[in-house]
Amino acid sequence: MRKLVLKAVSILSIALAVALFAPQRAAADDDDPPSRVARLGFARGSVSFNPAGTDDWVSAVVNRPVTTGDKLWNDSGARSELSIGSAVIRLGSTTGFSFLNLTDNVTQIRVTEGTLNIRVRNLGDDETFEVDTPNLAFSVLRPGNYKINVNEAGDTTLVIVRDGQGEVTGGGSAYNIRHGEIGTFSGVDQLDADVESWGNDDDDFDGWCADRDRRIDHSVSARYVSTDAIGYEDLDEYGGWRPVPEYGTVWFPHVTVVGWAPYHYGHWAYIAPWGYTWVDDAPWGFAPFHYGRWVTVGGVWGWVPCAPRPVAVVGVAYVRPVYAPALVAWVGGPHFAVGIGVGGGFAAGVSVGWFPLGPREVYVPSYPVSRTYVNNVNVSNTTVNTTVVNNYYNTTVINKTTNVTNNNVTVNNQHYMNQSVPGAVTATTPQAFTSAQSVSKNSVAVNQREVASAPVAATTPPVAPARQAVIGSGAAAAAKPPAALANRPVVAKTAPPPPPVSFAKQQQAIQANGGRPLAMSQVRQIQPEAAQVHPAVKIAPPSSPATPQNAQANRTVGTQPAANSNRPVTSNNAVGTQQTANPNRPVTPNSAVQPAQGNKPATPPANGSAQNASQKAYSDRPPVARPSNSNAVNASNAANAQLEQRHQQQLEQLRAQQDQERQKIEQKQVQQRQQAQQQADAAKQQKLNQQHQQQLVQLEQKHDQQQQKLQQKQQQEVQKAKPANKPPQEEKPPKGKS
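This report concerns the structure included in the present document.

Of regular secondary structure, the protein chain possesses 15 helices and 32 strands. Looking at the protein chain residue by residue over its 738 residues, the buried ones come to 51%. Taking the contacts inside the protein chain whose residues are at least 6 apart along the sequence as the reference set, 67% of them involve residues at least 24 apart. Carbon together with sulfur atoms contributes 51% to the accessible area of the protein chain, which is approximately 33600 Å² in total.

Written out as structure tokens, the structure reads:
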């Protein structure tokens, strides 16, 4: 009798778990996690990181995904860079930074002190990009280049608009800042505004930002991969592109480790709401591990990218590549992760094994998502049939009836192309997996024959993370912001979401959820009511358009306040033109006439003067940004452009030749290792590996020397071209005239 009762209770518990879990998986679209994150792609000096929901400050680790609630601190002399796909954010020395919110269409940044350089490349009509400082909120209205500086006291913010347009809100006033203007805003309760022409006074930080921008502008990889795939610009320096039949143009990394395989050199971190997330050690290791798929060609691993943004086609919608925490499948069997129980812990002797997904293989999220999300995360990253995606969704998400006691689903009768590739399966210990430890240093040997035929689990093992998994692999921070600075409130125009729930509460909820990641709705349920208002944010009072103290009346020509909005609307000069749906976006003018420069009186052109007419058309720009009518200057610019284009072609040709050379060596090495393996000669195999690694290192050194020689030659050509291209100096116009 007792056995029957226990059995009935067990069945009831499983049924209840399935009933509770299924609705979460079929959540509404607005409950899906964001389709993008920020990537910490560069860190130099003492850069500290504070994961959301914790009080721990650790050394920042490159390739760590950064999202809502995460904080960064650049100590004195440090620099760092974040990319969110549509924008790049660079932090200067002594800068306190965090994301108040980061979703598909909202980027809200908190800056407590220091300097930011922001380059916004794309800005959708429904997208909000806001920077909140201790005394104002700055809204980016157009793509462009912006610099924000907050002084140490937190009562003055400097805003430079090199290119684009933005609006400052604070103290009950709103100020519009245009291309080529610099605004100084002091005070807290009431802003003292001073807007004038920017003098193009660049410093070392600006020069560094410009160098980083050039890497993006000249990226060869942008031809083959979507520019919304975060981290694509790093692929040029660390690999090469080659056409491969059936897969198109594939990127092959230049590695010096014999037998290298994806998802082997790095660690697993736990990042809400996605759960366990791969953080790779390679400086290029972001885009190839969160987008696209992997394949072997001639025994060498290559990355099949997500397709580039297509030219606008009527009726065809572009789906931005959806970020995934790790595009892998999990190996089952008696010695691997399929042995996880309902309690969210690993069975004794069970290791964790995985391998990269190949082209056209479906990725199934382990975190609660909607059907639309499952479709988008796959179709935006690989060529896959939507019917196949729906079948996976119905099997693993809706009809969760097989292996329910393991809280995992094995996809039966599915052949994975990379499962049988030698060296593709990586395994580590449960402790290393749940504590952000290095996988390569804690790898577990696998039997190739065993894993080639083992069952495969589509979703990540459901096990609650240790605190270290959230903190990551970074050591304790050498420096962190002063408490007063870390807690300094900022002014916001857009109300941000509540601060993240503490990790302790999340961990309890994850354990109660069988080790599975929490749905967004579950997180909101454990959020304290008192924390619904962000303690570090003051919402800006209602504001009205204002004119800076030093601005002339002609600065407001062509703009009028939008109805029921603090945003200016630029005149369309067209009858019947309606305002855009998004009040944060100014209407694009149909006329070529631009508003006059705000802080300097415009000089009226003389009748019939083409030169003065040209000056009038560019009267909204500082003198250094205006085009010159000098033939010498135009010829100089054309010569410089041709020289730069030729140098870029030379570099591309050299890299293509080097990649062909590497391809031949790698294929020869694979053949030699296969022959040694067939002969079962372990000593010969080890000796070959050492020789092959030495060959790859020497090849990298040779290629570096070749590129250095070419760059030195190009620099000499640039130096020789400078005197000839130098235009005659023109007389500077009197101050206050254009």
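With that out of the way, let us pick up the sheet that holds strand E24 (residues 328-331). Overall, antiparallel pairing links the four strands, which are arranged E26-E25-E24-E27 in an open sheet. Taken across any chain shown, the strands that pair with only one partner, and hence form the sheet edges, are strand E26 (426-428) and strand E27 (456-457). Pairing of E24 with E27, which is carried by two bridges, proceeds in the antiparallel orientation. Note on E27: the bridge partner recorded for valine 331 is valine 456.

Assignment of secondary structure puts aspartate 206 in helix H2 (residues 204-217). In this structure, the C-alpha to C-alpha distance between aspartate 206 and lysine 147, residues 59 residues apart in sequence, is 9.0 Å. Once residues lying within four places of it in the same chain are set aside, the contact partners of aspartate 206 are Lys147, Arg162 and Asp201. Here the side chain of aspartate 206 touches arginine 162 through a polar contact of 2.8 Å, side chain to side chain.

Moving on to empty space enclosed by the protein. Over the atoms rolls a probe the size of a water molecule, and its path tells where empty space is left. Evaluated as defined, the whole model comprises nine cavities of 30 Å³ or more. Its boundaries defined by the atoms lining it, the largest cavity holds a volume of some 90 Å³. Every residue along the wall of the largest cavity is listed here: Trp57, Lys71, Leu72, Trp73, Gly96, Phe97, Ser98, Arg110, Thr112, Pro481, Leu485 and Ala486. At the level of elements, strand E5 (71-74), strand E8 (95-102), strand E9 (106-120) and helix H10 (483-486) are the ones that each hand at least two residues to the lining of the largest cavity. Of the residues in the lining of the largest cavity, the class split is seven nonpolar, three polar and two charged.

Moving on: the environment of histidine 179. One can find histidine 179 in the loop between strand E15 (173-178) and strand E16 (181-186). When its relative accessible area of 17% is taken as the criterion, histidine 179 is described as buried. In this structure the C-alpha to C-alpha distance between histidine 179 and tryptophan 198, which are 19 residues apart in sequence, comes to 9.0 Å. Engagement of the side chain of histidine 179 in a polar contact is seen with the side chain of aspartate 163, the distance being 3.1 Å.

This part takes up H2. With 14 residues, H2 ought to run about 20 Å at 1.5 Å a step, and its terminal C-alpha atoms sit 20 Å apart, in line with that. Within the sequence span of H2, burial applies to Phe205, Asp206, Trp208, Cys209, Arg212, Asp213 and Ile216. With its buried residues spanning 160° around the axis, H2 presents them on a single face. Here the buried face of H2 lies against strand E1 (38-44), strand E6 (79-83), strand E7 (87-91), E9, strand E12 (144-150) and strand E13 (156-163). Where H2 begins, the capping side chain belongs to aspartate 203, and its oxygen is found 3.2 Å from the backbone nitrogen of phenylalanine 205.

Within E6, five of the five residues are buried, which leaves it mostly tucked inside the rest of the structure. By the alternation rule, side chains of E6 split into Arg79, Glu81 and Ser83 and Ser80 and Leu82, which are all buried. Relative to E6, E1 runs antiparallel, the two being bridged by five bridges. Across the sheet, alanine 43 pairs through a bridge with serine 80, a residue of E6. Examined bridge by bridge, E6 and E7 share four bridges and lie antiparallel to one another. Within E7, the residue paired with leucine 82 across the bridge is isoleucine 89. What sits between the antiparallel neighbours E6 and E7 is a turn of three residues, in which glycine 85 has the positive phi angle 95°.

Moving on: the pattern of salt bridges. Inspection of every chain in the model, using the stated rule, returns 17 salt bridges. Aspartate 206 is paired through a salt bridge with lysine 147; the nearest N and O atoms lie 3.1 Å apart. With aspartate 206 in helix H2 and lysine 147 in strand E12, this residue pair connects regions lying 59 residues apart in the sequence. You'll find aspartate 206 and lysine 147 in the same group, each marked buried.

Scoring rules and cut-offs
Residues numbered from 1 in each chain as written. Predicted model: local features only at pLDDT ≥ 70, side-chain atom pairs only at ≥ 80, totals over all residues. Heavy atoms only, no water. Helix = DSSP H or I, 4+ residues; strand = E, 2+ residues; numbered from the N terminus. Buried < 20%, exposed > 50% of the residue type's maximum accessible area, 1.4 Å probe, protein only. Contact = heavy atoms within 4.5 Å. Areas by Shrake-Rupley, 256 points an atom, 1.4 Å probe, with all protein chains shown as cover. Pairing = 2+ DSSP bridges. Polar contact = N/O pair within 3.5 Å; in protein donor to acceptor, adjacent residues only side chain to side chain. 1 Å grid on protein atoms, 1.4 Å probe; cavity = no way out; pocket = protein on both sides within 12 Å on 5 of 7 lines; lining within 4 Å. Points joined across faces, edges and corners; volume = space filled by probe spheres on them. Nonpolar A, V, L, I, M, F, W, Y, C, P; charged D, E, K, R; others polar. Expected span 1.5 Å × (residues − 1). Arc of directions from axis to C-beta. Salt bridge = Lys/Arg side-chain N within 4 Å of Asp/Glu carboxyl O.

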